[in-house]
Amino acid sequence: MQTSLDVEAGDSPIMLSADVTEWSTDDVRRWMVDKGFQEYTELLCDRHRLNGVALLSLTEEDLREPPISMHVLGDLKRLVDAITQLRHDTFTFRPNIPDGRSSSGDSSPTRSDSPRDISKTLETLVKINMSDAQEKPHFPSEKWKTFVAFVYLCGMMMLNPIFINIIHERVPDKSVEPPLPDVFFDYFDRVVWAFSVCEIAGMINSALLLIVWILHKHKWIVLRRYCLIVGTLYLLRCITMYVTTLPVPGMHFRCSPKIHGNLSAMFDRAMTMMFGLGLSITGSHHLCGDYLFSGHTVILTITYLFIKEYSPRGWFILHWCTWLVSCIGIFCILLAHDHYTIDVVVAYFITTRLFWIYHTLANHEVLKKPSPSHHLSRTWWFSMFRMAEGNIEGVLPREYAWPLPWPKRFHDTRFHYMGVCKRV
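Structure report, in brief. Because the structure is a prediction, the values reported are computed rather than measured. (Residues numbered from 1 in each chain as written. Predicted model: local features only at pLDDT ≥ 70, side-chain atom pairs only at ≥ 80, totals over all residues. Heavy atoms only, no water.)

### Some details on the side chain of Ser 311
- Residue placement: Ser 311 occurs in the loop between α13 (295-310) and α14 (316-335).
- When near neighbours in sequence (up to four residues on either side) are disregarded, Ser 311 contacts Val 212, Leu 318, His 319, Arg 398 and Tyr 400. (Helix = DSSP H or I, 4+ residues; strand = E, 2+ residues; numbered from the N terminus. Contact = heavy atoms within 4.5 Å.)

### Thoughts on the packing of helix α10 (residues 194-215) against α14
- For the pair α10 and α14, interaxial distance at closest approach is 8 Å and the crossing angle is 150 degrees. Judged by the inter-axis angle, α10 sits roughly antiparallel to α14. Considering only the axes of α10 and α14, their crossing is left-handed. Contacts from Ala 194, Phe 195, Val 197, Cys 198, Ala 201, Asn 205, Leu 208 and Val 212 in α10 reach Leu 318, Thr 322, Val 325, Ser 326, Ile 328, Gly 329, Cys 332, Ile 333 and Leu 335 in α14. (Axes fitted to C-alpha atoms, helices over the stretch in contact; angles between N-to-C directions. Parallel < 35°, antiparallel > 145°, perpendicular 65-115°, else oblique. Left-handed = near helix turned anticlockwise from the far one by under 90°.)

### Notes on the environment of Ser 57
- As for its position among the elements, Ser 57 is in helix α3 (residues 52-57).
- The class for Ser 57 is buried, based on a relative accessible area of 19%.
- Placed 26 residues apart in sequence, Ser 57 and Ile 83 show a C-alpha to C-alpha distance of 8.9 Å. (Buried < 20%, exposed > 50% of the residue type's maximum accessible area, 1.4 Å probe, protein only.)

### A look at the packing of aromatic side chains
- Taken as a whole, this structure holds 15 aromatic pairs when the rule is applied.
- On the numbers, 4.5 Å between centres and 20 degrees between planes, the contact of Phe 184 with Phe 188 is stacked.
- Residue classification places Phe 184 among the buried residues on the basis of a relative accessible area of 12%.
- Owing to a relative accessible area of 35%, Phe 188 belongs among the partly exposed residues under this scheme.
- Across the ring face of Tyr 242, the terminal group of Arg 170 is positioned such that the distance to the ring centre comes to 5.0 Å. (Phe/Tyr/Trp six-rings, centres within 6.5 Å; stacked < 30°, edge-to-face > 60°. Lys NZ or Arg CZ within 6 Å of the ring centre and 35° of its normal.)

### Considering a nonpolar patch on the surface
- Together, Phe 316, Ile 317, Trp 320, Trp 323, Leu 324 and Ile 328 give the surface a local cluster of nonpolar side chains, amounting to about 680 Å² of exposed area.
- Topologically, Leu 324 is positioned in helix α14.
- Looking at Leu 324, the relative accessible area reads 46%, which means it is partly exposed. (Patch = residues over 30% accessible without salt bridge, like charges linked within 9 Å, V, L, I, M, F, W, Y side chains within 5 Å. Areas by Shrake-Rupley, 256 points an atom, 1.4 Å probe, with all protein chains shown as cover. Salt bridge = Lys/Arg side-chain N within 4 Å of Asp/Glu carboxyl O.)

### Looking at the nonpolar core
- Ranked by internal contacts, the top residues of the largest apolar core, which has 38 residues, are Ile 229, Leu 233, Ile 302, Phe 306, Tyr 358 and Phe 385.
- Elements supplying a minimum of two residues to this core: α8 (143-168), α10, α11 (219-243), α13, α15 (341-362) and α16 (382-389).
- Tallying contributions element by element places α11 first for this core, with nine residues.
- With residues near it in sequence (within four places) discarded, Leu 233 still touches Phe 293, Val 298, Ile 302, Ile 350, Thr 351 and Leu 354.
- Counting 28 residues, the second-largest nonpolar core is a separate cluster that includes Ala 194, Phe 253, Ile 333 and Leu 335. (Core = buried A, V, L, I, M, F, W, Y, C linked by side-chain atoms within 4.5 Å.)

### A word on α15
- Helix length check: α15 (22 residues) gives 32 Å between terminal C-alpha atoms against 32 Å at 1.5 Å per residue, within 8%.
- Along α15, the residues that are buried comprise Asp 343, Val 344, Ala 347, Thr 351, Thr 352, Leu 354, Phe 355, Tyr 358, His 359, Leu 361 and Ala 362.
- Where α15 is buried, its residues meet α11, α13, α14 and α16. (Expected span 1.5 Å × (residues − 1).)

### Here's the deal with the pattern of salt bridges
- With the rule as written, the count across this model stands at eleven salt bridges.
- Linking Glu 142 and Arg 224 is a salt bridge whose minimum nitrogen-to-oxygen distance equals 3.9 Å. Of this pair, Glu 142 sits in the loop between α7 (130-133) and α8 while Arg 224 is found in helix α11, placing the two residues 82 residues apart along the sequence.
- On the basis of relative accessibility, which here comes to 0%, the residue Arg 224 falls in the buried class.
- We note a salt bridge from Lys 217 to Glu 399, for which the minimum N-O separation is 3.3 Å. You can see Lys 217 sitting in the loop between α10 and α11 and its partner Glu 399 sitting in strand β3 (residues 399-401), a full 182 residues away along the chain.
- Taking relative accessible area as the criterion, Lys 217 reaches 39% and is therefore assigned partly exposed.
- According to the relative accessible area criterion, Glu 399 is buried, its value standing at 14%.
- Counted as one network, the salt bridges with shared partners bring together Asp 26, Arg 29 and Asp 46.

Written out as structure tokens, the structure reads:
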């Protein structure tokens, strides 16, 4: 016997089948309009094509996280309650259960008393495994992989000052080879203190990223990605600096004397530069030749990208502030006439593209496997990427946890990406 549900829409009733598992996308749309969720019909019905089966299997986590990502908490909770009630009504008043049991002869309606029972019944009705559909993705820490990535980053950062020492010996004297023409330098006079502002901006963004990383629940995965991406950028920087040596960008440069192959002196200079983080304000950077790929632009850009990617979406003030700090820092690099404009453009382009390509591959399981049609799998670093990301399932969630065992009330709290605290 087929029954129906009367749903009032305006002045005329709309007949919907009582068997929600047979609802089409249009039926789901009419039900949502009746319940007052018409603004989400385009998202759920048009974009994600939910039918009755998919509607019954929706959970609060599905609605909260990508690809749906409902951000209005009140609407989200009301929709979850409406789906829960619909699921309850479906299993309470359905005339026959297709597992051989029937409600005939039993005056009490068939009802599942727990969420687990409801899931089992729904599994029978729609022939899907609800436990698999609702299984959470796996995000193993794999600290040994993070350690390998950290060693890789340290190696590339040690290689960087060594290459700068080598290139320093090849930089032509500015009296012989004057600075190349640069359109930015034509319009803006040099500001002496601008480069110090750039380095302070980089330290501010680095400190903010450190805080985000410490509070992130999956901090070892985030650190692993940072080490691999930044290590690769520094390797590419060494290559570009070595193959083409540009003259100094301005006559104001005071380069250290050349040491003509003195390996001991080169090693001392490299160690001084490495431990001083290559910053001018620490007095550790007095070598010339590291042009064509601005390292300061790399740090300013990558810190902003990581902060925006792994901090809560609702923290738009933090995102805009770090973006502004990065822009000011990059502008001050050019204002100080310490890098050519092409240095900044190349560094920004390579940094953003490597970040976006890496995270696109990491967020899609199918792209982690090499195939003849998967051209990105031919990159030289793809094997290293598969080692780091092979066991990561899906998009890394924006979840946060207090890193210390004390105080207890903070330790028992998980901070989710919407900025809402949830007790666990």
